[in-house]
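The primary structure of each chain is shown beneath.
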Amino acid sequence: MTLIVFNKPFDVLSQFTDKGTEGSERRTLSDFIDVPNVYPAGRLDRDSEGLMLLTDDGRLQARISDPKYKTKKTYLAHVEGIATEEQMEELRRGVMLKDGMTRPAEAELIDDPQLWERIPPIRVRKSVPDSWIKVTIAEGRNRQVRRMCAAVNLPCLRLVRWSVGRWTLDDIAPGEWMEVER
C-alpha cells in the first residue's frame, strides 16, 4: 500500500492528465509524481496550493475523500480585509452558500504563517489591508473554503491546504512529495 503526501503548487491540476485539452500547457500531477497506480484522495483547485494525498488503496482513498467519513481538512487562507472575531464566529456556526448551509467550521485568526513564496505572487492592493485565517472543515464541496470566506466578506487571495486528517505538509516544499506511513 502506497500513501504519498504531495505539496501541490499553484496552477497545477489535481489529476494526472489534462483530458480534452489537446496540446494543453497546463501542469498536472504527472509533471511531479512518477509513481504507478496512485490516485488522488480528493481534489484541490488549480488556484489553491498545498497538501494532496495520493494512494493505491481504494478503501483509504474513499475514507479520506468521502464526506461521510468527516475527515478534517485544515486550510490557511490569506484574505482581503482584516478578519474579525465576528467573522470567525460566522464560519464556526456554518454559512449559507448557494448549495445550502455548510457544517460548522473551526476558524481562527492567525499571524502570517511565513509560507513559501507563491509563483506567481498574489496581487495585493496597497490600499486594502489583508490578514490570515485558519479554517478546518469536515466536508468537501467545490471551492468550499473560498466560498465560505467570501460569504463572510473575506475574499481569498491565497488558499493553502495544510493538513488532511493526521497528515500535514510540515517541511515539504511546493512540488515535492514523500511516501508516508498509513
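In this text, all values refer to a predicted model and were calculated from it rather than measured experimentally. (Residues numbered from 1 in each chain as written. Predicted model: local features only at pLDDT ≥ 70, side-chain atom pairs only at ≥ 80, totals over all residues. Heavy atoms only, no water.)

1. Section: the overall build of the protein chain
- From N to C terminus, the protein chain includes three helices and 11 strands.
- Ordered by position in the sequence, the α and β elements of the protein chain form the string β-β-β-α-β-α-β-β-β-β-α-β-β-β.
- For the protein chain, whose C-alpha radius of gyration is 16 Å, the value lies close to the compact-globule estimate of 16 Å for 182 residues.
- Structurally, the protein chain occupies a C-alpha span of about 45 × 35 × 35 Å along its principal axes.
- Here the protein chain holds 182 residues, and the buried ones make up 45% of them.
- Sequence-distant contacts, at least 24 apart, represent 72% of the contacts inside the protein chain between residues at least 6 apart.
- Within the structure as shown, the protein chain displays about 10200 Å² of accessible surface, and the carbon and sulfur contribution to it stands at 48%. (Helix = DSSP H or I, 4+ residues; strand = E, 2+ residues; numbered from the N terminus. Rg over C-alpha atoms; globule rule 2.2 N^0.38 Å. Buried < 20%, exposed > 50% of the residue type's maximum accessible area, 1.4 Å probe, protein only. Contact = heavy atoms within 4.5 Å. Areas by Shrake-Rupley, 256 points an atom, 1.4 Å probe, with all protein chains shown as cover.)

2. A look at the nonpolar core
- Residues Leu 54, Leu 91, Ile 133 and Cys 149 are the most contacted members of the largest nonpolar core, which totals 28 residues.
- When contributions to this core are tallied by element, the ones reaching two or more residues are β1 (3-8), β3 (49-55), β4 (73-80), α2 (85-93), β8 (130-137), α3 (144-151) and β9 (156-164).
- Leaving out residues up to four positions away in the same chain, Leu 91 has contacts with Pro 104, Ala 105, Ala 107, Ile 133, Val 135, Met 148 and Val 152.
- Counting 16 residues, the second-largest nonpolar core is a separate cluster that includes Leu 51, Leu 53, Trp 116 and Leu 169. (Core = buried A, V, L, I, M, F, W, Y, C linked by side-chain atoms within 4.5 Å.)

3. Quick look at the pairing of β1
- Where burial is concerned, most of β1 is hidden: six out of the six residues are buried.
- Alternating residues of β1 divide into Leu 3, Val 5 and Asn 7 and Ile 4, Phe 6 and Lys 8, and every residue in both groups is buried.
- Across six bridges, β1 lies against β3 in antiparallel orientation. Looking at β3, one finds that Leu 3 is bridged to Thr 55.
- Judged from the three bridges that link them, β1 and strand β11 (residues 177-179) form a sheet pairing that is antiparallel. Across the sheet, the residue bridging to Val 5 is Met 178, located in β11. (Pairing = 2+ DSSP bridges.)

4. A few points about the pattern of salt bridges
- Overall, the coordinates contain 12 salt bridges when judged by the stated rule.
- Residue Arg 46 pairs with Asp 11 through a salt bridge whose shortest N-O separation is 2.7 Å. One end of the pair, Arg 46, is in the loop between β2 (39-40) and β3; the other, Asp 11, is in the loop between β1 and β2, and 35 residues separate them in sequence.
- Note on Arg 46: relative accessible area 34%, which makes it partly exposed.
- A salt bridge links Lys 134 to Glu 108; the nearest nitrogen and oxygen atoms lie 3.6 Å apart. Of this pair, Lys 134 sits in strand β8 while Glu 108 sits in strand β7 (residues 106-110), and the two are 26 residues apart along the sequence.
- Overall, Glu 108 belongs to the partly exposed group, its relative accessible area being 38%.
- Through salt bridges with shared partners, a single network forms among Asp 45, Asp 47, Arg 143 and Arg 146. (Salt bridge = Lys/Arg side-chain N within 4 Å of Asp/Glu carboxyl O.)

5. Description of the confidence of the model for the protein chain
- Residues of the protein chain with pLDDT of at least 70 account for 98%, and the chain-wide mean is 92.
- Element-level mean pLDDT values for the protein chain span from 89 in helix α1 (residues 58-65) up to 98 in α2. (pLDDT = per-residue confidence, 0-100.)

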